[in-house]
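Each chain, letter by letter, is given below.
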Amino acid sequence: MVVMSKPAPEQFSFIRNSKPTPFFSGIPLIDLSKPDSMHQLVKACEEFGFFKVINHGVPMEFISKLESEAVNFFSLPLSEKEKVGPPCPFGYGNKSIGQNGDVGWVEYLLLNTDQESISQRFSSVFGDNPEKFRCALNDYVSAVKRMACEILEMMADGLKLQQRNVFSKLLMDEQSDSVFRLNHYPPCPEIESLNGQNMIGFGEHTDPQIISVLRSNNTSGLQISLGDGSWISVPPDQNSFFVNVGDSLQVMTNGRFKSVRHRVLTNSMKARVSMIYFGGPPLSEKIAPLPSLMKGKESLYKEFTWFEYKRSAYNSRLADNRLVLFERIAAS
């Protein structure tokens, strides 16, 4: 496979492991077909901000078709992939993540979900008819968006909110600022000689949106941070989806749901391909704790628009605590 250009490994970031991190068996598993799953969702969002879903209703055909298209794209020569354009913010990226100096052993496509812009962007790579890629992307994103909205409505039920679509309507809005990301982490045989160190594929961060829905191939690398700051490895599962609470949902629940900090480590032998749908609100949407969840409690956050938060997030480093700028400072 032709992959991204390879600078020296010392240009990347590493973590030292005295021994391999075992897979964590306690990841909450939510069966979306079960009637009590709304309560399990709430508990998972409070304790982890992260969970796995099964019986999700997304056809495996949609998953396999888009992964195949992604693998075909990332197999192209670098000069062909770069025709999609640099990520400003949408396009093809290679090693550099964002505009503020973060790097990782990763190449990626960051896309908005507008079908016309996708067709225009990929016509330079796939010729005059990029329909195969566009159709695979549209089928997948539409199905995952439906699932994300279902999950958000089940969360609202579990929180006993009167307005069941209080979260999901933000994704369903025609002006919803949702984005889609394809990540490719090439194998990195060089890390075998790094004496117990792991190379960072994608550095630690939280997702700024409302909810993130992740699917990856059967290759390990994803880790999440627990409340005590320790890191755990997530067992790969190519048939299920993993869901993250985003910063915006943490704010809307006044901190009851936790935006999970996560990262990806490289694999020495196998390529990892992940597909992430980030469900975001319209740019003008005001984000603040829901009054029905306050019940006499003080608001932990100032009100802000999604545009304001997104702009702040893009001007930060990956590992920054972006929400700290929007927290209410308690009177001393």
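Residues numbered from 1 in each chain as written. Predicted model: local features only at pLDDT ≥ 70, side-chain atom pairs only at ≥ 80, totals over all residues. Heavy atoms only, no water.

Asks: Just give me the short version of the overall build of the protein chain, but keep the residues and values in it.
Replies: Along its length, the protein chain carries 8 helices and 15 strands. Every one of the 332 residues in the protein chain was classed for burial, and the buried ones make up 55%. Contacts spanning at least 24 positions in sequence make up 74% of the contacts within the protein chain whose residues lie at least 6 apart. Split by element, the accessible area of the protein chain, about 15,100 Å² in all, is 50% carbon and sulfur. (Helix = DSSP H or I, 4+ residues; strand = E, 2+ residues; numbered from the N terminus. Buried < 20%, exposed > 50% of the residue type's maximum accessible area, 1.4 Å probe, protein only. Contact = heavy atoms within 4.5 Å. Areas by Shrake-Rupley, 256 points an atom, 1.4 Å probe, with all protein chains shown as cover.)

Asks: Which residues make up unusual backbone geometry, and what are the values?
Replies: Pro 89 follows Cys 88 through a cis peptide bond whose omega is -10°. The topology assignment puts Pro 89 in the loop between helix H3 (78–81) and strand S4 (91–97). Not every positive phi belongs to a glycine, and Asn 55 is a case in point at roughly 50°. A positive phi angle, near 80°, is found at Lys 95, a position not held by glycine. With respect to the helices, strands and loops of the structure, Lys 95 is situated in strand S4. The class of Lys 95 is buried, set by a relative accessible area of 17%.

Asks: Tell me about the environment of Val 251, residues and numbers included.
Replies: Within the element layout of this structure, Val 251 appears in helix H7 (residues 247–252). Note on Val 251: relative accessible area 0%, which makes it buried. Residues Val 251 and Ile 287 lie 36 residues apart in sequence; the distance between their C-alpha atoms is 7.2 Å. Once you skip the residues sitting within four places of it in the chain, Val 251 turns out to touch Ile 287, Ala 288, Pro 289, Tyr 301, Phe 304 and Leu 323.

Asks: Tell me about the pairing of strand S5 (residues 102–112), and please be specific about residues and values.
Replies: Within a regular beta strand, the side chains point alternately toward one face of the sheet and then the other, so they alternate between its two faces. Burial runs high along S5: 9 of the 11 residues are buried. When S4 meets S5, the two strands line up antiparallel, connected through 6 bridges. In the strand pairing of S5, Tyr 92 is matched with Leu 109. What sits between S4 and S5 in their antiparallel hairpin is a turn of 4 residues, with Gly 98 showing a positive phi close to 75°. Taken together, the 6 bridges between S5 and strand S6 (residues 179–185) define a ladder with antiparallel strand orientation. If you follow Glu 107 over to S6, its bridge partner there is His 184. (Pairing = 2+ DSSP bridges.)

Asks: Before we move on, could you go through the side chain of Ser 259 and cite the residues and values that matter?
Replies: Structurally, Ser 259 can be placed in the loop between H7 and strand S12 (262–265). At 3.4 Å, the side chain of Ser 259 and the backbone oxygen of Val 245 are in polar contact. Leaving out residues up to four positions away in the same chain, Ser 259 has contacts with Thr 206, Asp 207, Val 245, Gly 246, Asp 247 and Gln 250. (Polar contact = N/O pair within 3.5 Å; in protein donor to acceptor, adjacent residues only side chain to side chain.)

Asks: Now, about the side chain of Asp 177: what can you tell me, with residues and values included?
Replies: Mapped onto the secondary structure, Asp 177 falls in the loop between helix H6 (168–172) and S6. On the basis of relative accessible area, Asp 177 is assigned to the buried category, the value being 13%. Once you skip the residues sitting within four places of it in the chain, Asp 177 turns out to touch Gly 280, Pro 281, Pro 282, Leu 283, Trp 306 and Lys 310.

Asks: Please provide a residue-by-residue account of the pairing of strand S3 (residues 50–54), values included.
Replies: Burial analysis of S3 places 4 of its 5 residues in the buried class, which makes it a mostly covered element. Two strands pair when backbone bridges link them, and strand S2 (residues 29–31) and S3 are joined in this way by 3 bridges, in the parallel orientation. When the bridges of S3 are listed, Asp 31 appears paired with Ile 54. Read from S2 through helix H1 (residues 37–47) to S3, the crossover connection turns out right-handed. Summarising the sheet, S3 and strand S11 (residues 241–245) pair through 4 bridges and their orientation is antiparallel. (Right-handed = clockwise from strand over helix to strand, strands pointing away.)

Asks: Which residues make up the packing of aromatic side chains, and what values do they have?
Replies: Applying the stated criterion to the full structure yields 10 aromatic pairs. Look at Trp 306 and Tyr 309: their rings are 6.4 Å apart centre to centre, the planes differ by 45°, and that puts the pair in the tilted class. With Trp 306 and Tyr 309 both in helix H8 (residues 306–314) and 3 residues apart, the pair spans about one turn of that helix. Judged by relative accessible area, which is 1%, Trp 306 ranks as buried. You can call Tyr 309 buried: its relative accessible area is 0%. Three or more aromatic residues joined by ring pairs make a cluster, and in this case those are Phe 304, Trp 306, Tyr 309 and Phe 326. Arg 181 extends its terminal NZ or CZ atom over the ring of Tyr 108, reaching a point 4.0 Å from the ring centre. Over the ring of Trp 231 we find Arg 263, and its NZ or CZ is 3.9 Å from the ring centre. (Phe/Tyr/Trp six-rings, centres within 6.5 Å; stacked < 30°, edge-to-face > 60°. Lys NZ or Arg CZ within 6 Å of the ring centre and 35° of its normal.)

Asks: Describe the environment of Ala 156, naming the residues involved and giving the relevant values.
Replies: With respect to the element layout, Ala 156 can be found in helix H5 (residues 131–158). Ala 156 sits in the buried class, given a relative accessible area of 0%. Once the C-alpha coordinates of Ala 156 and Val 166 are considered, the two residues, 10 residues apart in sequence, prove to be 7.3 Å apart. If we skip the residues at most four places from it in the chain, Ala 156 touches Leu 161, Gln 163, Arg 164, Val 166 and Phe 167.

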